[in-house]
Amino acid sequence: MVRTFEELIAEAEATPVEGWDFSWLEGRAHEQRPSWGYQRVMGERMARALAALDIQTGGGEVLAGVPKLPPLAVATESWPPNVAKATALLHPLGAVVVADEDEPPLPFADGAFDLVVSRHPVTVWWEEIARVLRPGGTYLSQQVGPASVFELVEYILGPQPEEVRRRRHPDGARRAAEAAGLEVVDLRAEYLRTEFLDIGAVVYFLRKVIWMVPGFTVDRYRDRLRQLHDRIESEGPFVARTARFLIEAHKPA
């Protein structure tokens with residue numbers, strides 16, 4: 001049954017966006033995954049760690065999927081609904097959730113962890129990561145690369161300046177890590193295909209990933225969303241390119 005623009009919009013607006021679980025998009029959007037398998041790699045590092053920190057854990061879904069947590073596992077999160085969701089998910093597994101404003105300093109002592117991880121951090125405070133790592137410790141992170149999903153961003157907002165398009169470049173992450181005293185031992189980038197099959201998927205995505213179109217609301221962008229709905233109806237899925245990179249850095253012993 002064909003659903004109208006208003007029906008798709010209303011459903012997407014009414015759906016909760018807490019946490020970092022995108023299962024609502026199954027059958028409505030497709031995202032190609034990076035070849036390195038971040039959760040698997042993270043699980044391997046966690047199995048060898050004694051004390052680990054997951055920064056900006058979201059709803060704790062990624063950390064909860066690790067087969068074996070270290071003896072001390074801590075996660076930070078800034079958004080109150082996610083703090084509650086992560087606490088409910090991670091506390092039964094033995095991980096502690098700390099509400100943190102995502103501004104330096106991290107609320108931990110120097111050298112508190114031998115492993116720090118983060119999946120898709122909004123901000124990266126490299127000096128703080130280096131500070132809380134023990135000598136010989138590891139930082140592992142999958143991050144959003146430059147101009148990720150900008151086909152959608154620019155459809156909504158129009159062309160973006162080159163300095164905006166180049167933000168989050170892996171070369172910048174390498175320079176920042178090295179400036180904080182870390183040694184980058186792995187840096188890999190991939191560009192992947194993402195498809196949005198209906199306008200509800202677009203609205204849900206932009207409500208959840210709030211930095212893509214800052215201040216996004218359906219009312220503010222209704223006309224542009226309707227145009228995109230008509231395009232998807234006539235031409236098929238809206239295709240965008242997702243940028244991801246994996247970075248692993250060590251603190252010298």
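The following paragraphs examine the structure supplied in this document.

Analysis parameters
Residues numbered from 1 in each chain as written. Predicted model: local features only at pLDDT ≥ 70, side-chain atom pairs only at ≥ 80, totals over all residues. Heavy atoms only, no water. 1 Å grid on protein atoms, 1.4 Å probe; cavity = no way out; pocket = protein on both sides within 12 Å on 5 of 7 lines; lining within 4 Å. Points joined across faces, edges and corners; volume = space filled by probe spheres on them. Helix = DSSP H or I, 4+ residues; strand = E, 2+ residues; numbered from the N terminus. Nonpolar A, V, L, I, M, F, W, Y, C, P; charged D, E, K, R; others polar. Salt bridge = Lys/Arg side-chain N within 4 Å of Asp/Glu carboxyl O. Pairing = 2+ DSSP bridges. Axes fitted to C-alpha atoms, helices over the stretch in contact; angles between N-to-C directions. Contact = heavy atoms within 4.5 Å. Parallel < 35°, antiparallel > 145°, perpendicular 65-115°, else oblique. Buried < 20%, exposed > 50% of the residue type's maximum accessible area, 1.4 Å probe, protein only. Arc of directions from axis to C-beta. Core = buried A, V, L, I, M, F, W, Y, C linked by side-chain atoms within 4.5 Å.

Some remarks on the layout of surface pockets
- Size it by volume and the largest pocket reaches roughly 740 Å³.
- F22, E31, R33, R119 and H120 are, among the 32 residues lining the largest pocket, the residues nearest its centre.
- Broken down by secondary-structure element, the contributors of at least two residues to the lining of the largest pocket are β1 (29-31), α2 (38-48), α3 (61-64), β6 (133-144), β7 (183-196) and β8 (238-250).
- Here the lining of the largest pocket is built from residues that sort into 15 nonpolar, 10 polar and 7 charged.
- Together, 24 residues line the second largest pocket, and W20, E77, N82, V122 and W211 are the ones closest to its centre.
- When contributions to the lining of the second largest pocket are tallied by element, the ones reaching two or more residues are α2, β5 (113-119) and α9 (199-208).
- Its residues placed into classes, the lining of the second largest pocket shows 9 nonpolar, 9 polar and 6 charged.

Points about the pattern of salt bridges
- Considering all chains together, one arrives at 19 salt bridges under this definition.
- With a closest N to O distance of 3.2 Å, R222 and D219 form a salt bridge.
- Look at the salt bridges and you will find they share partners, linking R3, E11, R28 and D198 into a network.

Some thoughts on the sheet that holds β7
- Read across the sheet, 8 strands follow the order β1-β7-β8-β6-β5-β2-β3-β4 without closing on themselves; strand pairing throughout is mixed. The sheet terminates laterally at β1 and β4 (96-99), the two strands that pair on one side only. Each neighbouring strand pair of the sheet contributes to a mean axis angle of 15°, computed without reference to strand direction.
- In this sheet, β4 lies alongside strand β3 (residues 72-77) in parallel orientation, the contact comprising 4 bridges. Residue E77 lies in a different strand from β4, and its bridge partner there is A99.
- Of the strands in this sheet, β2 (51-54), β5, β6 and β8 are in contact with α2, which crosses β5 at around 170°.

Quick notes on the packing of helix α6 (residues 150-157) against helix α10 (residues 222-235)
- Running from amino to carboxyl end, α6 crosses α10 at an angle of 130°, the nearest separation of the two axes being 9 Å. It follows from the interaxial angle that α6 and α10 lie oblique. On the side of α6, the interface is formed by L152, Y155 and I156, while α10 contributes R224, L225, Q227, L228 and R231.
- Each residue belonging to the contact of α6 with α10 can be placed in one class, and the counts come to 5 nonpolar, 1 polar and 2 charged.

A word on the pairing of β2
- The alternating pattern of β2 places A51 and L53 and A52 and D54 on opposite faces, both of which are buried.
- Both β2 and β3 contribute to a ladder of 4 bridges, which runs parallel. Among the inter-strand pairings, A52 is bridged to a residue of β3, identified as A73.

With respect to helix α4 (residues 80-90)
- Among all positions of α4, only N82, V83, A86 and L90 are buried. For α4, the buried positions fall inside an angular range of 105° around the axis, keeping them on one side. Exposed side chains of α4 directed beyond 90 degrees from the buried face belong to P80 and A88.
- Packed against the buried residues of α4 are α3, β3 and β4.

Looking at the nonpolar core
- Formed by 35 residues in total, the largest nonpolar core has its most connected members in L152, F196, L206 and L225.
- At the level of secondary structure, the elements contributing two or more residues to this core comprise α1 (5-14), α6, α9, α10 and β8.
- Among the elements that line this core, the one with the most residues is α9, at 7 residues.
- Residues in contact with L152, not counting those within four places in the same chain, are F196, V202, F205, L206, L228 and F238.

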